[in-house]
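Coordinate analysis (summary)
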Amino acid sequence: MRLRAAVGDLRRVLAAEVRLGERAAMSAVRAETEQVKAELRKQVTTAFTGNARGVANAWRSQVFPRAGQSLRQAGLVFTKVPAIIDAFERGALIRPKGGRKFLAIPTGFNRQGGRRGARPRVSAQQMVASGQGFLRPFKSGRGFVWCLPVRRGERVGRRRAPLIAGGIAAVATRNRRGAAAWQQSLLAQGFVPMFLLLPQVQLTKRLDVKGAAERGLRRLPARFVAAWERESGRRAP
């Protein structure tokens, strides 16, 4: 009888410990998954000086199982833009495709709002169709600046008359300090650089996704033990 009672008590104790462990595992894995995601998002905003909030927020996370508790909790951190992340984690070498000789990279003048990653105001096809584009070689001889002539447009209302590149699109439209002098210097120059033509681009390695994952795995055991102690009300000796 005493043996049966002892076995029964042991089963209840072990079952209770398993439940504590399941809650601890869920808490630890959720917390660590969120920390890894936060670290990866910070890597992006730090690497791109805050101009890639959309890429940073594309890091998402999920914990499995989605419902209930288990000692076999798992966390997944993933991105919705894997090609971009992979390129900047590896420091990829980008070359033109389809037999082309150059990559056409829009300059700040040729991006909506001047923002990195924004759509170009004028496409390469429009540059060709306009018949006004001309090339200025780099001093290094490794590429060209593809330019359009610039002129002053007509004033509308109280706003300053815009600058028009090749009769296609307004450029240098940002309202910033010293904008008048800036636009005047462009007029004196007589052209606006719209694209950089480069045979290839070597991206700088800016991200460390693998390192973030490995740091998370190293932190997880201690986080799990601490969570189990909180659940049970005990402290490790």
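Being a predicted model, the structure only gives us computed values, none of them experimental. (Residues numbered from 1 in each chain as written. Predicted model: local features only at pLDDT ≥ 70, side-chain atom pairs only at ≥ 80, totals over all residues. Heavy atoms only, no water.)

**A closer look at the overall build of the protein chain**
Within the protein chain, the secondary structure is distributed over six helices and ten strands. Evaluated residue by residue, the protein chain yields a buried proportion of 30% over its 237 residues. Sequence separation of 24 or more characterises 60% of the internal contacts of the protein chain that already satisfy a separation of 6 or more. Total accessible area on the protein chain is roughly 15,700 Å²; 55% of this is exposed by carbon and sulfur atoms. (Helix = DSSP H or I, 4+ residues; strand = E, 2+ residues; numbered from the N terminus. Buried < 20%, exposed > 50% of the residue type's maximum accessible area, 1.4 Å probe, protein only. Contact = heavy atoms within 4.5 Å. Areas by Shrake-Rupley, 256 points an atom, 1.4 Å probe, with all protein chains shown as cover.)

**Considerations on helix 5 (residues 179-189)**
Among the residues making up helix 5, those that are buried are Ala179, Trp182, Gln183 and Leu186. Each buried residue of helix 5 lies within a common arc of 95° when the element is viewed along its axis, so the set occupies one face. Counted as exposed and oriented over 90 degrees from the buried face of helix 5: Ala181 and Ala188. Buried residues in helix 5 make contact with strand 6 (144-152), strand 7 (163-165) and strand 9 (191-198). Residue Gly190 follows helix 5 closely and has a positive phi angle near 95°. (Arc of directions from axis to C-beta.)

**Digging into the side chain of Lys37**
With respect to the helices and strands, Lys37 occurs in helix 1 (residues 2-47). On the basis of relative accessible area, Lys37 is assigned to the buried category, the value being 13%. If we skip the residues at most four places from it in the chain, Lys37 touches Trp59, Arg60, Ser61 and Val77.

**Examining the nonpolar core**
Counting residues in hydrophobic clusters, the biggest one holds 18 residues, and the most contacted among them are Leu40, Val44, Trp59 and Ile85. Among the secondary structure elements, those contributing two or more residues to this core are helix 1, helix 3 (82-90) and helix 6 (209-232). In contact with Trp59, not counting residues within four places along its chain, are Lys37, Leu40, Arg41, Val44, Val77, Phe78, Thr79, Ile85 and Val209. Counting 17 residues, the second largest nonpolar core, distinct from the first, contains Phe109, Leu148, Val150 and Leu186. (Core = buried A, V, L, I, M, F, W, Y, C linked by side-chain atoms within 4.5 Å.)

**Side note on the side chain of Gln43**
Looking at the element boundaries, Gln43 is found in helix 1. Within the local environment of Gln43, its side chain forms a polar contact with the backbone nitrogen of Asp208, the two atoms lying 2.8 Å apart. Apart from residues no more than four positions distant in its own chain, Gln43 is found in contact with Leu207, Asp208, Val209, Ala212 and Arg215. (Polar contact = N/O pair within 3.5 Å; in protein donor to acceptor, adjacent residues only side chain to side chain.)

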